[in-house]
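Below, each chain spelled out in residue letters.
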Amino acid sequence: YKDKKDGSNKGESSDFGAIYNWKNMYKVVQSANIMIQEIANIQGITDVERERYRAECRFMRSLAYFFMVRLFGDVPYYTEAFFAQPLPRTDKSVVLKNCLADLQSVLDSDPEGNILRWRNGNGSLRANRGAVLTLMMHINMWLVFFEPDNAQTYYEEVKRLAESDSWVDGTYYSLQPMSQMGDVFKGDSNEGLFEIAQNITTGEIFKTDHMWCTKVVYEVRNKTKPDFRYSEVFLQKLYPQETEDGRKSSWFKNLYFSDEENPGSSSSDTYVEIVKMLNADHYGSTLIPNSGNYIVFRLADAILLYAEALNKLGEADKALEEVNRIRQRAGAPDFEAGTDLDADIYWERVRELMGEGQYFYDLVRTEKITDSSFSTFADESGYR
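These figures come from a predicted structure and were not determined experimentally.

A. How the structure looks around the nonpolar core. Counting 68 residues, the largest nonpolar core has Phe59, Tyr65, Met137, Ile139 and Trp167 as its most contacted members. A per-element tally of this core places helix H5 (residues 129-146) first, with 12 residues. Among the nonpolar cores identified, the runner-up in size contains 29 residues, and Met211, Cys213, Ala330 and Met354 belong to it.

If you want it as structure tokens, here you go:
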């Protein structure tokens, strides 16, 4: 797929090949650096507002570096405004530790949460305290991968961050009922931690070719099959037919094909359609399957990272309690003690966060990509 979309690896294609081009990420870094310095010269805002903008810029800068490190490893790192000198790449672990130190200083300088609040009046469209803590949890999990000898320290940090003011247990944010999951993907729900706005009214929209949800639906677009097809073996392993799970009926069509439910069709010409994020609307003559915000972080993600860290620290009972919060919201049976909890938590992240940009990176950072039982799912024809 990479060769088809961006054969020269220049990151210039109009579709997903653009991920190879870090220029836009560095635009975020440079803009944040300039804003942090120049906000002092802006008139008509209070000192608290000024510091809030600075904190948000430091979050955005760290988020950009985090995204780049996941893709490229070592990357040039700088925090000076108007910087224009050539730089060598900085070691990936150093970049992430610099981001952690920067974000921790944001939290330490504002212990009461007066500057970077838990909910800042703008929903999750601007950085808030939960978004900062979740980013720091993700960074620590990647440092486990880069520095396995220090894994215990990083897992303990994830636990500390999750337990700060008991926020991950629902003090400031909450898991939405399964019946309201459509609202989560529309955006600005109590589960959202950080989102990128899409507003059809004001013309702020993503290109539909760049949206996963556009690729995995077809009937709403008057097509006969989706552009992207997931292996049915893979999907049915994730969501077994015999296991209760509200995500199966809410997020999929034709996951388990039934002639009674699809008269006049057969399983050979009916494809699984993933409608998880299907909030269709029109912008002019363009149909936008997901007219909601792009979810970068939400509470379920943080809970599952917390469960993963707890399990690695030997706190299996608490880890089981946390991962079962996600299971219970979906109406799925609890995981039980005595099973392979590491694998259970991993697969629950795959189920819960499908299509939200987590799967491949989780596969890499956990090193499960080297284990065929986690990374290879083929049906009898070899289709994956």
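B. Broad picture of empty space enclosed by the protein. According to the stated counting rule, one finds four cavities of 30 Å³ or more in the structure shown. Considered as a void within the structure, the largest cavity measures approximately 70 Å³ in volume. The residue inventory of the lining of the largest cavity, partitioned by class, reads eight nonpolar, no polar and two charged. When its volume is computed, the second largest cavity comes out at roughly 60 Å³.

C. Quick look at the packing of aromatic side chains. Counted according to the given criterion, the structure contains 27 aromatic pairs. Ring geometry for Phe185 versus Trp251: centroids 6.5 Å apart, planes at 75°, classification edge-to-face. Of the two residues, Phe185 is situated in helix H7 (residues 181-186) and Trp251 in helix H10 (residues 246-251); the sequence distance between them amounts to 66 residues. Like Trp251, Phe185 is buried. Taking 5.5 Å as the distance between ring centres and 20° as the angle between the ring planes, the aromatic pair formed by Trp347 and Phe374 counts as stacked. Of this pair, Trp347 sits in helix H13 (residues 341-352) while Phe374 sits in helix H15 (residues 372-375), and the two are 27 residues apart along the sequence.

D. Representation of the confidence of the model for the protein within the structure. Averaged over every residue, the pLDDT of the protein is 90; residues scoring 70 or more account for 89%. Predicted confidence is poor over residues 380-384, with pLDDT under 50, and the contacts of this stretch with residues over four places away or in other chains come to nine contacts.

E. Examining a nonpolar patch on the surface more closely. On the surface, a nonpolar cluster with roughly 240 Å² of combined accessible area is contributed by Ile19, Tyr20 and Leu71. Mapped onto the fold, Leu71 is located in helix H3 (residues 47-72). Taking the relative accessible area as the measure of exposure, Leu71 reaches 37% and is therefore partly exposed.

Reading the values: the criteria
The residue numbering used here restarts from 1 in each chain and proceeds along that chain's sequence as written. Selection of residues for local features in this predicted model requires a pLDDT of at least 70, selection of side-chain atom pairs for listing and counting requires 80 or more, and totals for whole chains, interfaces and linings are taken over all residues. Water and hydrogen atoms were dropped before computing side-chain values, which therefore reflect all heavy atoms in the structure. Residues belong to a common nonpolar core when they are buried Ala, Val, Leu, Ile, Met, Phe, Trp, Tyr or Cys residues joined through side-chain atoms within 4.5 Å. Any residue under 20% of the maximum accessible area for its type is buried, any over 50% is exposed, and the rest in between are partly exposed; the area is computed with a 1.4 Å probe on protein chains only. Counting from the N terminus, the helices are DSSP H or I runs at least four residues long and the strands are E runs at least two residues long. Whether a set of points on the 1 Å grid over the protein atoms alone is a cavity depends on a 1.4 Å probe fitting there but being unable to get out, while an open set qualifies as a pocket with protein on both sides within 12 Å along at least five of seven lines; lining residues are those with an atom within 4 Å of a point. Grid points are joined across faces, edges and corners, and a volume is the space filled by probe spheres set on the points. Only Asp, Glu, Lys and Arg are considered charged in this grouping, and only Ala, Val, Leu, Ile, Met, Phe, Trp, Tyr, Cys and Pro are considered nonpolar; every other residue, Gly among them, is considered polar. Under the pairing criterion, centres of Phe, Tyr and Trp rings, with the six-membered ring standing for Trp, must be within 6.5 Å; the plane angle then separates stacked pairs below 30 degrees from edge-to-face pairs above 60, leaving the rest tilted. Confidence per residue, as judged by the predictor, is encoded in pLDDT with a range of 0 to 100. In what follows, a contact means two residues having at least one pair of non-hydrogen atoms within 4.5 Å. Note that patches include only residues with greater than 30% relative accessible area and no salt bridge, and the join distances are 9 Å for like charges and 5 Å for nonpolar side chains (Val, Leu, Ile, Met, Phe, Trp, Tyr). Note on areas: Shrake-Rupley with a 1.4 Å probe; residue coverage comes only from the protein chains shown. Criterion for a salt bridge: a side-chain nitrogen of Lys or Arg within 4 Å of a carboxyl oxygen of Asp or Glu.

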